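What the coordinates show
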Amino acid sequence: MKKPRGAIFTLGCRLNTADTSLLYSRLTDAGYELISPDAVIPGQDVDLIIINSCAITAEAEKKSRRLSRKLRREHPEAEIIFTGCAAEIADGDKKDKSGADFVAANPAKRQMPCLKNAPEAGKSFDLSKDDFFEHNHGIFPFRSRAFIKIQEGCENYCSYCIVPYVRGKERSRDFDEVVADCRAAVQSGYAELVLTGVNTCAYNSGGRKLNDLLAELLKIPGPWRIRLSSTEPHPDNLALLEAMAAGGEKICRFLHLSLQHGSDRILREMNRHYDTAEYAAFVRRARELIPDIHLGTDIIVGFPGENEEDFEESLSFIEKMKFANIHIFTYSPRPGTPAASRKDQVPPEIAKQRYARLKQLADKAKKDFADSQKGKILPVIFEEINQRNMATGWSDNYLPVAMPQGEVELGKIVKIKYCPEQTSSGNGLSPI
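Residues numbered from 1 in each chain as written. Predicted model: local features only at pLDDT ≥ 70, side-chain atom pairs only at ≥ 80, totals over all residues. Heavy atoms only, no water.

Next up on the list: the overall build of the chain. Within the chain, the secondary structure is distributed over 12 helices and 20 strands. Taking 22 Å as the expected radius of gyration for a compact globule of 432 residues, we find that the chain reaches 22 Å, a close match to that expectation. Each of the three principal axes of the chain carries a C-alpha extent, and together these read 60 × 60 × 45 Å. Looking at the chain alone, contacts between residues at least 24 apart form 72% of all its contacts between residues at least 6 apart. As displayed, the chain has an accessible area near 18,900 Å², and 51% of this comes from carbon and sulfur atoms. Each charge class in the chain can be summarised by its mean position, and for the 60 positive and 60 negative side chains these summaries are 2 Å apart. (Helix = DSSP H or I, 4+ residues; strand = E, 2+ residues; numbered from the N terminus. Rg over C-alpha atoms; globule rule 2.2 N^0.38 Å. Contact = heavy atoms within 4.5 Å. Areas by Shrake-Rupley, 256 points an atom, 1.4 Å probe, with all protein chains shown as cover. Lys, Arg positive; Asp, Glu negative; His and termini not counted. Charge placed at Lys NZ, Arg CZ, Asp CG, Glu CD.)

Glancing now at the confidence of the model for the chain. Of all residues in the chain, 91% attain a pLDDT of 70 or more, and the chain-wide mean is 90. A low-confidence stretch, residues 92–96 (pLDDT under 50), is modelled with 2 contacts involving residues beyond four sequence positions or located in other chains. (pLDDT = per-residue confidence, 0-100.)

Helix length check: helix α6 (residues 175–187), at 13 residues, gives a terminal C-alpha distance of 19 Å against a target of 18 Å (1.5 Å per residue), a fit within 8%. Looking at α6, one finds that the buried residues are Phe175, Glu177, Val178, Val179, Asp181, Cys182, Ala185 and Val186. With a side-chain oxygen positioned 3.2 Å from the backbone nitrogen of Asp176, the residue opening α6 is Asp174. (Expected span 1.5 Å × (residues − 1). Buried < 20%, exposed > 50% of the residue type's maximum accessible area, 1.4 Å probe, protein only. Polar contact = N/O pair within 3.5 Å; in protein donor to acceptor, adjacent residues only side chain to side chain.)

The next point concerns the environment of Thr337. Counting through the fold element by element, Thr337 comes out in the loop between β16 (325–330) and α12 (348–372). Owing to a relative accessible area of 5%, Thr337 belongs among the buried residues under this scheme. A C-alpha to C-alpha distance of 6.5 Å links Thr337 and Cys161, two positions 176 residues apart in sequence. Filtering out sequence-adjacent residues up to four positions away, Thr337 remains in contact with Ser159, Tyr160, Cys161, Ile162 and Tyr165. For Thr337, the side chain forms a polar contact with the main-chain oxygen of Arg334, separated by 2.6 Å.

Strand pairing in a sheet is mediated by backbone hydrogen bonds. Such pairs are either parallel or antiparallel. Strands sit in the order β6-β9-β8 across an open sheet of 3 strands; the sheet is mixed. Both edges of this open sheet fall to β6 (131–132) and β8 (151–152), since each of them pairs with a single strand only. With 2 bridges joining them, β6 and strand β9 (residues 171–173) adopt parallel strand pairing. Residue Asp131 lies in a different strand from β9, and its bridge partner there is Ser172. (Pairing = 2+ DSSP bridges.)

Shown next, in the form of structure tokens:
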């Protein structure tokens, strides 16, 4: 008997990617053949399409719904399920907005109608508890890295952010289940595990925190490494740095720590729970303990009430931090958040100008970090072959690297002498 065919389209953050890996496992358990979203084209035979949506910005939400409607038009016979964060904030005419047959809030990812044959479909998922179980291991059929979900929810309630409303309270995945999931991924041959959550630094399963989890994971044998996904400033961050330093090459020299603004006044307006002095102290300590660490961040421009003095102060602080990578977001009002109802919204044309200025700084900072690594020996995992027949991948401190196809094996940790001018062509690069 022919298996039904299912595909998942994933938008947004790494946590969504980890959720998708769990959905792939559940689809497999329910008897589906998995197909890549790249293979879902008009006329393609597909029985089930899941859109794992994003709502971090208004544009992300619109993009998710546009994709759902497009797939509805192109695949009228397929069952379409719209889930993820955009599904959490849909209103009464959900079906009309997304074109989906079924809209599933984030918790329902475990219990969709199409998953009735999956082993956990009848289980109870108690979201009131601080710890949670997925009762499943993720699989990664179309990925070169394994994305492991360890944490869910947020209680920071930043004044601009929709996440606490769509992801719920802070909860951590059961410690032993995370370890088992990571062990399974390593045994399946994945050389890099990306630990994900809304805020991975808030991990706390029965009193065991992220540094404890890292220590336990380091006991798993084999040539593999851990990368932490985006984090928020948190009281336990200094202990995390010590754990990262103790892990050596098993833990990537990488942290993406959201700053959001470089003005203390705006940070207070955002309801962020730190100031720039505390943030700068963390950055200094990170570089002391972990030389050549890649420090990335998120910055919002055009937050309500941001004046020119605030922006200049922010620009100056960001420049001093010498970030390796900066994700810039123009403020996007999210209905239901305190900032959305403020009367002092920044005009779009001013926000656009500030974005452009910050982008210039970000581009320079990115180049400066790459240049600082010239001549250094970096551990790289090459992940795929591009259209120019180059093997491409990433160093542990998140620098792109390319080499001629055939000179390195994909999916393995290889040490190279880094030269930023040659990463696109691969000329002159060779394994150490």
